[in-house]
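# Results of the structural survey
Spelled out from the first residue to the last, the chains are:
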Amino acid sequence: MNKCSQCIVRQFSSLKHLTKEELLRVSACKTSKIIKKGEFLFEEGEHINGVFCIKDGVCKVSKMSENGKNQIINLINHGNIIGERSLISNEVSNLSAIALNDMTVCFIPKDEIMRDLQMNAAFSLDVLKTMATSLKSADNLIVDMAQKSVKQRLAESLLNLKEKFGTSSQGVIDIHLSREDIANIIGTATESAIRLLSELKKKGIIEFKGKDIAILNDQELEKIAHGF
């Protein structure tokens, strides 16, 4: 069994505030899982009853609208914890999390996490800060959807993806997203996302390498993102 004290997730998440004894208890009660590409970590309306620590891989967190369209709220990569909001509110999840690629995660039961939240003030504060950051991102998403054009949202999303995931040795954004995923991030139809991406390609701002995207001109993309 991998020890939580030696796990990379601890370096980047709220778990870094747990004591050695607390980490030993977490290690003893956690379960490790492989989540295959396309599988759910959890679904909207589900009682999660714990948190997931992402050791490897990326998941998309989305919300289903009344008309059956998915809005991708966030992409969560390794080194992060997911599920704590539903845990603390004691409500069913209002979001779904689906693996974008094969993932390695650890599941920590609710009872253990709640014990640590009650006993460790630094851990609790860091979890609250993480949740506040998520709420800020959600606020920004609402404003962007209301005030920015689809083209602006696409340009901004491409820049954000590059900043978050970096580029591969081939120079492409180092995350494999379908055109439908990109459309669900910017809140438009897949056909519209494909058309806008093609326009950016024709202008020499981006290029395609298979299904992956390379940004050739960050400055022009930034101008579009800001409405110029």
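All values reported here derive from a predicted model rather than from experimental measurement.

Criteria and cut-off values
Residues numbered from 1 in each chain as written. Predicted model: local features only at pLDDT ≥ 70, side-chain atom pairs only at ≥ 80, totals over all residues. Heavy atoms only, no water. Helix = DSSP H or I, 4+ residues; strand = E, 2+ residues; numbered from the N terminus. Rg over C-alpha atoms; globule rule 2.2 N^0.38 Å. Buried < 20%, exposed > 50% of the residue type's maximum accessible area, 1.4 Å probe, protein only. Contact = heavy atoms within 4.5 Å. Areas by Shrake-Rupley, 256 points an atom, 1.4 Å probe, with all protein chains shown as cover. Lys, Arg positive; Asp, Glu negative; His and termini not counted. Charge placed at Lys NZ, Arg CZ, Asp CG, Glu CD. UniProt positions renumbered as here; feature names shortened; annotations may be inferred. Core = buried A, V, L, I, M, F, W, Y, C linked by side-chain atoms within 4.5 Å. 1 Å grid on protein atoms, 1.4 Å probe; cavity = no way out; pocket = protein on both sides within 12 Å on 5 of 7 lines; lining within 4 Å. Points joined across faces, edges and corners; volume = space filled by probe spheres on them. Nonpolar A, V, L, I, M, F, W, Y, C, P; charged D, E, K, R; others polar. Pairing = 2+ DSSP bridges. Phe/Tyr/Trp six-rings, centres within 6.5 Å; stacked < 30°, edge-to-face > 60°. Lys NZ or Arg CZ within 6 Å of the ring centre and 35° of its normal.

### Quick look at the overall build of the protein chain
- A count of helices and strands for the protein chain gives nine helices and ten strands.
- Over its C-alpha atoms the protein chain spans a radius of gyration of 19 Å, differing by no more than 12% from the 17 Å that the globule rule assigns to 228 residues.
- C-alpha extents for the protein chain along the principal axes are approximately 55 × 40 × 30 Å.
- Evaluated residue by residue, the protein chain yields a buried proportion of 43% over its 228 residues.
- Counted over contacts in the protein chain with a minimum sequence separation of 6, partners at least 24 positions apart contribute 70%.
- Accessible surface, the protein chain: about 12,500 Å² in total, of which carbon and sulfur atoms supply 52%.
- Side-chain charges of the protein chain comprise 31 positive and 29 negative groups, with the mean position of each set lying 3 Å from the other.

### As for the UniProt feature "domain: Cyclic nucleotide-binding" (unreviewed entry) in the protein chain
- Following the UniProt record, the feature "domain: Cyclic nucleotide-binding" (unreviewed entry) maps to residues 14–115 here.
- From the first C-alpha to the last, residues 14–115 spans 14 Å; its make-up is 22% helix and 40% strand.

### Observations regarding the nonpolar core
- One finds Leu75 and Leu158 to be the most contacted residues of the largest nonpolar core, which totals 28 residues.
- For this core, the elements supplying multiple residues, two or more each, are β5 (70–76), α6 (150–165), α7 (179–186), α8 (190–202), β10 (212–215) and α9 (218–225).
- Apart from residues no more than four positions distant in its own chain, Leu75 is found in contact with Val58, Cys59, Lys60, Leu100, Leu161, Lys164, Phe165, Leu177 and Ile185.

### Comments concerning the layout of surface pockets
- Taken as a whole, the second largest pocket spans an internal volume of roughly 190 Å³.
- Residues belonging to the lining of the second largest pocket are distributed by class as follows: three nonpolar, two polar and five charged.

### Topic: the sheet that holds strand β3 (residues 50–56)
- What the four strands build is an open sheet, ordered β1-β8-β3-β6; its pairing is antiparallel. Each of the sheet's edge strands pairs with one partner strand only, and the pair in question is β1 (31–35) and β6 (81–82).
- Bridging between β3 and β6 involves two bridges; their strand directions are antiparallel. Looking at β6, one finds that Cys53 is bridged to Ile81.

### Focus on the UniProt feature "domain: HTH crp-type" (unreviewed entry) in the protein chain
- The residues that UniProt annotates with the feature "domain: HTH crp-type" (unreviewed entry) are residues 148–219.
- A helix fraction of 54% and a strand fraction of 11% characterise residues 148–219, whose end C-alpha atoms lie 18 Å from each other.

### Here we look at the pairing of strand β7 (residues 96–99)
- What you see with β7 is no split at all: Ser96 and Ile98 on one side and Ala97 and Ala99 on the other are buried throughout.
- Where strand β2 (residues 40–42) and β7 come together, two bridges link them in antiparallel fashion. Paired with Phe40 across the bridge in β7 is Ile98.
- Where strand β4 (residues 59–64) meets β7, four bridges bridge the pair, whose relative direction is antiparallel. Note that in β7 the partner of Val61 across the bridge is Ala97.

### Considering the packing of aromatic side chains
- Per the stated rule, a full pass over the model turns up two aromatic pairs.
- Measuring from centroid to centroid gives 6.1 Å for Phe42 and Phe52, while their planes differ by 25 degrees, and the two rings are stacked. Of the two residues, Phe42 sits in strand β2 while Phe52 sits in strand β3, which places them ten residues apart along the sequence.
- Residue Phe52 is classed as buried on the basis of its relative accessible area of 4%.
- Lying across the ring of Phe107, Lys33 places its NZ or CZ 5.1 Å from the centre.
- Seen from the ring of Phe208, Arg179 lies directly overhead, with NZ or CZ sitting 5.0 Å from the centre.

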